[in-house]
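Report on the structure
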2 protein chains.
Amino acid sequence: MIPFNKPFIIGNELKYIEQAVLSGKISGDGLFTKKCHSFFEKKYGFQKVLLTTSCTDALEMAAILCDLKPGDEVIVPSYTFVSSANAFALRGAKIVFADSYEDNPNVDPQSIASLITTKTKVIVPVHYAGVACDMEAIMKLAGDHNLFVVEDAAQAIDSYYIFADGTRKALGSIGHFATFSFHETKNIIAGEGGMLVINDSSFNERAEIIREKGTNRSAFFRGEINKYGWVDIGSSFLPSEIISAFLYGQLEHLDEIQGKRISIWNRYLEGLKEIVSQGKVSSPIIPTYGDNNAHMFYIVCQSIEERNQLIAHLKNKDIHSVFHYLSLNKSEYFLKNNVEIDIPFSDKFTDRLLRLPFYFELSESDQNLIINEILQFYESK
Amino acid sequence: MIPFNKPFIIGNELKYIEQAVLSGKISGDGLFTKKCHSFFEKKYGFQKVLLTTSCTDALEMAAILCDLKPGDEVIVPSYTFVSSANAFALRGAKIVFADSYEDNPNVDPQSIASLITTKTKVIVPVHYAGVACDMEAIMKLAGDHNLFVVEDAAQAIDSYYIFADGTRKALGSIGHFATFSFHETKNIIAGEGGMLVINDSSFNERAEIIREKGTNRSAFFRGEINKYGWVDIGSSFLPSEIISAFLYGQLEHLDEIQGKRISIWNRYLEGLKEIVSQGKVSSPIIPTYGDNNAHMFYIVCQSIEERNQLIAHLKNKDIHSVFHYLSLNKSEYFLKNNVEIDIPFSDKFTDRLLRLPFYFELSESDQNLIINEILQFYESK
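Numbering of residues starts from 1 in each chain and follows the order in which that chain's sequence is written. Chains and ligands are labelled by the order in which they are written, letters from A for the one and numbers from 1 for the other. Only residues with pLDDT of 70 or above have their local features reported here, since the model is predicted, and side-chain atom pairs are shown and tallied only from 80 upward, although totals for entire chains, interfaces and linings are computed over all residues. Hydrogens and waters are ignored; side-chain quantities use all the structure's heavy atoms.

1. So, the packing of helix H12 (residues 304–316) of chain B against helix H15 (residues 364–379) of chain B
All names here are of chain B. To keep it simple, the criterion reads: A fitted line through C-alpha atoms represents every axis, and for helices the fit uses only the stretch in contact; the resulting angles, taken between N-to-C directions, go from 0 to 180 degrees. Only DSSP runs of H or I with at least four residues qualify as helices, and only runs of E with at least two residues qualify as strands; both kinds are numbered from the N terminus onward. An angle below 35 degrees is treated as roughly parallel, one above 145 as roughly antiparallel, one from 65 to 115 as roughly perpendicular, and anything else as oblique. Should the near helix be turned anticlockwise from the far one by less than a right angle, the crossing is left-handed, and should it be turned clockwise, the crossing is right-handed. Note on contacts: a residue pair qualifies if any of its non-hydrogen atoms lie within 4.5 Å across the two residues. Basically, the charged four are Asp, Glu, Lys and Arg, the nonpolar ten are Ala, Val, Leu, Ile, Met, Phe, Trp, Tyr, Cys and Pro, and anything else, Gly included, counts as polar.
The contact between H12 and H15 brings their axes to 10 Å, and the two run at 135 degrees. Comparing their axes, H15 and H12 come out oblique. H15 is crossed by H12, and the crossing has right-handed handedness. Where H12 approaches H15, its residues Glu306, Gln309, Leu310, His313 and Leu314 are matched on the opposing element by Ile370, Glu373, Ile374, Phe377 and Tyr378. In the contact of H12 with H15, the residues fall into 6 nonpolar, 2 polar and 2 charged.

Structure representation (structure tokens):
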């Protein structure tokens, strides 16, 4: 059986957990959490990083920091994970769904532009498969209309945006806030885990308070105040040091992990190029302003029926491939309070996109097997 | 230096994390999460258990399940951790603070009774130091007024309530919901971690949905539905399997941990009995309906000045003792929207309660040192 995903230990993950226990602190914000914060801030130029228990929790922190009031509107792609929308729905915001490009699951800035009203407060671009959204166009819209931008960079660690002038900036360093995931399916993992990036320092203090259950405990531990108390709403967004220690063990091998993933990604592209050039399937689009962090390899089939046949064909050969999001504008929750509208390209990827097995320990021989089974499926098409 | 708290590894915590990785699943709800759920359900007669990333998150789940509307009132002790109140404030509820007993930090049912109005929806008894609140009185009030009871059992693992007829029931199995913590300061630890207990099975399905980001993914994985989607509000409340594996490693040694803690607790009581009988300090009250899970040993001093002198005296001898909660009704956050009122017994424990070092690996010689320093401090008083 070739699974869709497989977690891995690559270095000192377990040793660091033991070290954390011996250091006398495994609740949040210990030594390894601080090491992770520094690592990300230095490597990607993030103004401030705060680890969280999940990307969902980081999105919820961003939603609180945007200070949403009921009735405020938040523009989110329809083709995304539930949490990109739910975090803002929890604050009472009205979710407005934008469409993808025809040939790329990422949100189309023209669709965003058409949805902006006087009530719009936040845009949430989601860098699908770790590939950049058109951040220059989106930041321009945000600037023109005085909106917050929260980059949902769950899949986008170690990926970059290339500006028109050639400058490269890490995804997650461009919007006001960004959120990342370390779920076991991501490039760098901690089982469940995430982080919030804050690129505007005026939010640093409130972010620390919200993350510590609405208390000014962080300032207390730095000796800035002599007792701490309840000063704001918040939650327990900070992860156990056990999680941070595991994560730091992975971070020390980031380059090795990324090198391996890029070679897997390229092997899929090379192996499937024949059926792509024949127009039988589409491969991922990497725009000129985007980079490839090799988070995911997907193909887009001709129809939902064909895609489901391919899933069944591969399953029959013990290969686990999986479809992805279902258009959120058609979800039961959204339709409770909204009329059904048509968001065609989101529906296209809902129906036709298929993700192939992709993990650090995927062997070349297993990958060749997957490629050959796909080619065989398409021989008769 | 004798710290106030010290985390520990007692058995297979690290081995189980490795096993979880090798099993191919370290995101939430894997093998070890299920083992923890079964353990708690069997041992304590909880109808259903769901691990969470923290006790705070479990409280937030309970608040969502109580379906609070803005304006609903929730009665919470003033002498408790911020999250007992904040979780309900996040849902827009009005927090109403009740007082402790004069001689016991636990909430007094008479104080609760005096605060019930037609808008009251929930009572949150907090079992301070793992010692039972008067659950028969509280459940009677809840029954008479049709209220939910959420037991904040953060500190109360392996502690029992003894009914008038002699029946024993685990704390957390009596209210509609209960929440526990596995923070590093607790008896059983995972750094940060928690669980929600649901004692009314009509809430099981919605609880699973809320915990899985508002999706019906749990039913999908059980094969009850053929695709999952967004059906409700929710968050990512489930912990990484790395956390559950660590926790399960601890659970296998629960009896050993509890035995050790009870002997530490009894040694404090024995060692300090002279100054207690002289009326210089008070020791913890264990009511006839309550049990002692040896979560904490505290003393109550004569005044805040004396307590702070004792902290300084012990610190001077490299012993780290700490005070505890600050009355929440006097917090900056609460006073933004409420007038200041007097809650005298909560203030008493805010000012005069002192927690002594307490952890699994505390040695007898270190403990004797602590006891002797306290006796010496009180010799001249």
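There's plenty left to go through after this.
2. A word on the sheet that holds strand E3 (residues 94–98) of chain A
Hydrogen bonds between backbone groups are what pair the strands of a sheet, and the pairing can be parallel or antiparallel. All names here are of chain A. Which entries qualify depends on this criterion: Any two strands between which DSSP finds at least two bridges are classified as paired.
Strand order in the open sheet made by the 7 strands is E1-E9-E8-E5-E4-E2-E3, with mixed pairing throughout. Edge positions in the sheet fall to strand E1 (48–52) and E3, since each of these pairs with one other strand and no more. Ignoring which end each strand starts from, the neighbouring axes of this sheet average 25 degrees apart. In this structure, strand E5 (residues 148–152) lies alongside strand E8 (residues 177–181), joined through 3 bridges in parallel fashion. Bridge pairing in E8 links Val150 to Phe177. Against the sheet, helix H2 (residues 31–44) contacts E1 and strand E9 (194–198), and its axis sits at roughly 135 degrees relative to E1.

3. Description of helix H9 (residues 241–251) of chain A
Note the threshold: Residue burial is assigned from relative accessible area. The probe radius is 1.4 Å, only protein chains are included, and a residue is buried under 20% of its type maximum, exposed over 50%, and partly exposed in between.
Counting buried positions over the 11 residues of H9 of chain A gives 11, a clear majority of the element. Looking only at H9 of chain A, the buried set comprises Glu241, Ile242, Ile243, Ser244, Ala245, Phe246, Leu247, Tyr248, Gly249, Gln250 and Leu251 of chain A.

4. Re the side chain of Arg217 of chain A
With respect to the secondary-structure elements, Arg217 of chain A resides in helix H8 (residues 217–221). The contact partners of Arg217 of chain A, leaving out residues within four places of it in the chain, are Glu212 and Tyr228 of chain A.

5. Quick look at helix H4 (residues 82–89) of chain B
All names here are of chain B. Among the 8 residues of H4, 8 are classified as buried, and the element is accordingly described as predominantly covered. When H4 is considered as a whole, its buried residues turn out to be Val82, Ser83, Ser84, Ala85, Asn86, Ala87, Phe88 and Ala89. Where the residues of H4 are buried, they touch helix H3 (55–65), strand E2 (73–77), strand E3 (94–98), strand E4 (120–123), strand E5 (148–152) and helix H13 (332–337).

6. So, the domain arrangement of chain A
Residues and elements named next belong to chain A. Put simply, the rule is: Residue ranges for the domains originate in an automatic or database domain assignment. Defined here as a combined quantity, buried area equals the accessible surface (1.4 Å probe) lost by two parts on assembly, summed across both. A carboxyl oxygen of Asp or Glu within 4 Å of a side-chain nitrogen of Lys or Arg is what we treat as a salt bridge. Contacts described as polar in this section are N or O atom pairs within 3.5 Å, which, within protein, must combine one atom able to donate a hydrogen with one able to accept it, while residues neighboring in sequence count only if both atoms come from side chains.
For chain A, the domain assignment lists domain 1 (13–251) and domain 2 (254–379). On a C-alpha basis, the centroid separation for the pair domain 1 and domain 2 is 25 Å. Here domain 1 packs against domain 2, burying approximately 3,400 Å² in sum over the two surfaces, 58% of which is carbon and sulfur. In this structure, the connection of domain 1 to domain 2 is made through 2 salt bridges. Counting across the domain 1 and domain 2 interface gives 19 residue pairs in polar contact (both at pLDDT 80 or more). Elements that contribute at least two residues to the side of domain 1 that touches domain 2 include exactly H2, helix H4 (82–89), E3, strand E6 (160–162) and H9.

7. Description of the pairing of E5 of chain A
All names here are of chain A. Keep this limit in mind: Consider the strands pointing away from the viewer: the crossover is right-handed when the path from the first strand over the helix to the second runs clockwise.
Among the 5 residues in E5, 5 count as buried, and that is most of the element. Side chains Phe148, Val150 and Asp152 of E5 all project onto a buried face; the interleaved residues Val149 and Glu151 project onto the opposite face, where all are buried too. Across 2 bridges, strand E4 (residues 120–123) lies against E5 in parallel orientation. Directly across from Val122, in E5, lies its bridge partner Phe148. For the crossover from E4 across helix H6 (residues 135–145) to E5, the handedness is right-handed.

8. Thoughts on the pairing of E3 of chain B
Put simply, side chains in a regular strand alternate between the two faces of the sheet. Burial analysis of E3 of chain B places 4 of its 5 residues in the buried class, the great majority of the element. Assessed by its sense of winding, the connection that carries the chain from E2 of chain B through H4 of chain B to E3 of chain B is right-handed.

9. Here's the deal with the interface of chain A and chain B
Residue-level contacts link 55 residues of chain A with 56 residues of chain B. It is Glu192, Trp230 and Tyr333 of chain A that lose the most area in chain A upon contact with chain B, and together they represent 17% of the buried surface on that side. Counting the contacts that link chain A with chain B gives 24 residue pairs in polar contact (both at pLDDT 80 or more). The set of elements that each furnish at least two residues to the side of chain A that touches chain B consists of helix H1 (13–23), helix H3 (55–65), H4, H9 and helix H13 (332–337) of chain A. Per element, the largest residue contribution to the side of chain A that touches chain B is 5 residues, and it comes from H4 of chain A. For the side of chain A that touches chain B, the class distribution of residues is 27 nonpolar, 16 polar and 12 charged.

10. Let's talk about the relation of the copies chain A and chain B
Operational definition: Least squares is the method for superposing the copies, and the C-alpha atoms it fits come from residues with pLDDT of at least 70 in both.
Superposing chain A onto chain B takes a rotation of 180 degrees plus a shift of 0.0 Å along the axis, which leaves an RMSD of 0.0 Å. With respect to symmetry, the two chain copies, as superposed, fit the operation of a two-fold axis. When the interface residues of chain A are mapped onto chain B, 100% of them again fall at the interface, so both copies present the same face.

11. Some details on the pattern of salt bridges
All names here are of chain B. A full pass over the atoms with the stated rule returns 34 salt bridges over all chains. Among the ionic pairs, Asp29 bridges to Arg211, the shortest N-O distance being 2.9 Å. On the criterion of sequence distance, the pair formed by Asp29 in the loop between helix H1 (13–22) and helix H2 (31–44) and Arg211 in helix H7 (residues 204–211) is long-range, its members being 182 residues apart. A salt bridge links Glu212 to Lys213, with the shortest nitrogen-to-oxygen separation between them at 3.4 Å. As far as burial versus exposure is concerned, Glu212 and Lys213 are alike and both buried.

12. Quick word on the packing of aromatic side chains
Under the convention used in this document: Geometry of aromatic contacts follows a simple scheme: Phe, Tyr and Trp rings, the Trp one being its six-membered ring, pair when their centres are within 6.5 Å, and the pair is stacked under 30 degrees between planes, edge-to-face over 60, tilted otherwise. The rule is short: NZ of Lys or CZ of Arg within 6 Å of the ring centre and within 35 degrees of the ring normal puts a charge over the ring.
Summed over all chains, the structure comprises 54 aromatic pairs over all chains. Ring centres of Phe40 of chain A and Phe182 of chain A lie 5.6 Å apart, and the angle between their planes is 20 degrees; on these two criteria the pair is classed as stacked. Of the two residues, Phe40 of chain A sits in helix H2 while Phe182 of chain A sits in the loop between E8 and E9, which places them 142 residues apart along the sequence. Take Phe182 of chain A: its relative accessible area is 2%, and that puts it in the buried class. With centroids separated by 6.0 Å and ring planes inclined at 50 degrees, the aromatic side chains of Tyr79 of chain B and Phe349 of chain B adopt a geometry described as tilted. Here the residue Tyr79 of chain B occupies a position in the loop between E2 and H4, and Phe349 of chain B occupies one in helix H14 (residues 344–352), the gap between them amounting to 270 residues. Taken as a pair, Tyr79 of chain B and Phe349 of chain B share a single burial class, namely buried. One aromatic cluster is present, formed by Tyr79, Tyr128, Tyr298, Tyr325 and Phe349 of chain A through successive ring pairs. Its guanidinium or amino end placed over the ring of Tyr160 of chain B, Arg168 of chain B lies 4.6 Å from that ring's centre, counting from NZ or CZ. The ring of Phe360 of chain B carries the charged tip of Lys260 of chain B above its face, separated from the ring centre by 5.0 Å.

13. Description of the side chain of Asn329 of chain A
Residues and elements named next belong to chain A. Here Asn329 shows up in the loop between helix H12 (304–316) and H13. A relative accessible area of 0% means that Asn329 is categorised as buried. Those residues in contact with Asn329, other than ones at most four positions away along the chain, are Ser78, Phe97, Phe334, Leu335, Ile341 and Ile343.

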